[in-house]
Amino acid sequence: MLGILEQVTDAVRQRILEQAFKPGERLTIDRIARELGVSPTPVREALGRLQGEGLLVYRRSQGYQVTPVSVRELQEMLDCRLAIEPFAARAIDPISDDLLRGLETIHARFRQALDARRIGENNTADREFHETIVGAAGNAMLLRLFRSMNSHMYTMRLFYYTEPVRERELEETWAEHCAIMEAFKARRQAVAAEAIAEHLRRVKQLVAVHAPKWMAQPAPDGATPRGTA
């Protein structure tokens, strides 16, 4: 059973990733404590942890703020993912039946959420799919690096894409995940690695095409303007 600190950390992290707390929004310890019904102490520690993960920034005069997203940072995150995820896929040896079952379960949840148009659940399944692959490489440092840089990749889909772009992007992601799954089922790590790379290159291109549109939108009230982080 998770302790109170882990529960608070997970709850705040999930709200950030699902855009309940938006990029640039200020968070106070008292506010979070009231919303979660806990004392300020675990909230203070949880916000410090999330700062370490890159989800929050702390400024002495302003307190904690959800890390604003910039196009450059998203592109840099994708470059790092292009280095980490194909490497991780090649390092998985052996590809166990347990890994395949786990990926299949997540993959099915992604499809179910897509059919039901539950975008938040799509994001959760998408994140778990990629994180499971990185984790299966058995390199704890690699997994920590992945988690620290991957936090804001899903905010694009929830908050910045128009509905037609989002639906098309999700269908493309589904098809690319299918190709990754087929490679893993065939126990072909190198093929899986290239399928992951192709997937991430497509996402990077999508960011390059659509980022100028959503970066021009006004930032949340009191937030750092987008693109200036």
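Just above, that's the structure.
What this report covers is the structure whose coordinates are included nearby. All of these numbers come straight from a predicted model, not from anything done at the bench. (Residues numbered from 1 in each chain as written. Predicted model: local features only at pLDDT ≥ 70, side-chain atom pairs only at ≥ 80, totals over all residues. Heavy atoms only, no water.)

Digging into the pattern of salt bridges
- Enumeration over the complete set of coordinates arrives at 23 salt bridges.
- With a closest N to O distance of 2.8 Å, R111 and D115 form a salt bridge. With R111 and D115 both in helix α5 (residues 97-116) and 4 residues apart, this pair spans about one turn of that helix.
- For D115, a relative accessible area of 55% translates into the label exposed.
- The structure contains a network of salt bridges with shared partners spanning R15, E25, R31 and E35. (Salt bridge = Lys/Arg side-chain N within 4 Å of Asp/Glu carboxyl O. Helix = DSSP H or I, 4+ residues; strand = E, 2+ residues; numbered from the N terminus. Buried < 20%, exposed > 50% of the residue type's maximum accessible area, 1.4 Å probe, protein only.)

What to know about the packing of aromatic side chains
- The tally for this structure, following the rule as stated, stands at 2 aromatic pairs.
- Lying across the ring of W174, R111 places its NZ or CZ 5.1 Å from the centre. (Phe/Tyr/Trp six-rings, centres within 6.5 Å; stacked < 30°, edge-to-face > 60°. Lys NZ or Arg CZ within 6 Å of the ring centre and 35° of its normal.)

Considering the packing of helix α4 (residues 71-91) against helix α6 (residues 119-136)
- Contact geometry of α4 with α6 gives a least axis separation of 7 Å together with a crossing angle of 60°. Considered as vectors, α4 and α6 are oriented oblique to each other. Of the two possible hands of crossing, α4 and α6 adopt the one that is left-handed. Packed against α4, whose contacting residues are R81, I84, E85, A88 and A89, the element α6 presents H130, I133 and V134 at the interface.
- Its residues assigned to classes, the contact of α4 with α6 comprises 5 nonpolar, 1 polar and 2 charged. (Axes fitted to C-alpha atoms, helices over the stretch in contact; angles between N-to-C directions. Parallel < 35°, antiparallel > 145°, perpendicular 65-115°, else oblique. Left-handed = near helix turned anticlockwise from the far one by under 90°. Contact = heavy atoms within 4.5 Å. Nonpolar A, V, L, I, M, F, W, Y, C, P; charged D, E, K, R; others polar.)

A closer look at helix α7 (residues 140-149)
- Listing the buried residues of α7 in full gives L142, L143, F146 and M149. Down the axis, α7 shows its buried residues gathered within 140° of arc, on one side only.
- Where the residues of α7 are buried, they touch α4 and α6.
- Of the residues flanking the start of α7, the one acting as N-cap is N139, its side-chain oxygen 3.1 Å from the backbone nitrogen of M141. (Arc of directions from axis to C-beta. Polar contact = N/O pair within 3.5 Å; in protein donor to acceptor, adjacent residues only side chain to side chain.)

Describing the nonpolar core
- L103, F129, I133, I180 and F184 are the most contacted members of the largest nonpolar core, which totals 30 residues.
- Of all the elements in the fold, those that place two or more residues in this core are α4, α5, α6, α9 (163-185) and α10 (189-215).
- For this core, the element with the most residues is α10, which contributes 7 residues.
- Residue contacts for L103: discarding those within four places in its chain leaves F129, T132, I133, M181 and F184.
- In terms of nonpolar packing, the next biggest core, distinct from the first, is built from 18 residues, I16, L17, L27 and A33 among them. (Core = buried A, V, L, I, M, F, W, Y, C linked by side-chain atoms within 4.5 Å.)

Description of the sheet that holds strand β3 (residues 63-66)
- Read from one edge to the other, the open sheet built from 3 strands follows the order β1-β3-β2, with strand pairing classed as antiparallel. A strand with exactly one partner marks an edge of an open sheet, and here the two such strands are β1 (26-27) and β2 (56-59).
- Here 2 bridges tie β1 to β3, and the two strands are oriented antiparallel to one another. Bridge pairing in β3 places L27 opposite Y64. (Pairing = 2+ DSSP bridges.)

Side note on α6
- The terminal C-alpha atoms of α6 lie 26 Å apart, and with 18 residues this matches the ideal 26 Å at 1.5 Å per residue to within 8%.
- Where α6 is concerned, the buried positions are I119, N122, N123, T124, A125, D126, R127, F129, H130, I133 and V134.
- Looking one or two residues past α6, G138 carries a phi angle of roughly 80°, positive in sign. (Expected span 1.5 Å × (residues − 1).)

Remarks on unusual backbone geometry
- Of note, the bond from D93 into P94 is cis; its omega dihedral lies within 30 degrees of zero at 5°.
- The phi dihedral of R117 is positive, around 55°, even though this residue is not glycine.
- Summarising the element assignment, R117 is placed in the loop between α5 and α6.
- Here R117 falls in the exposed class, since its relative accessible area comes to 57%.
- The phi dihedral of R187 is positive, around 60°, even though this residue is not glycine.
- One can find R187 in the loop between α9 and α10.

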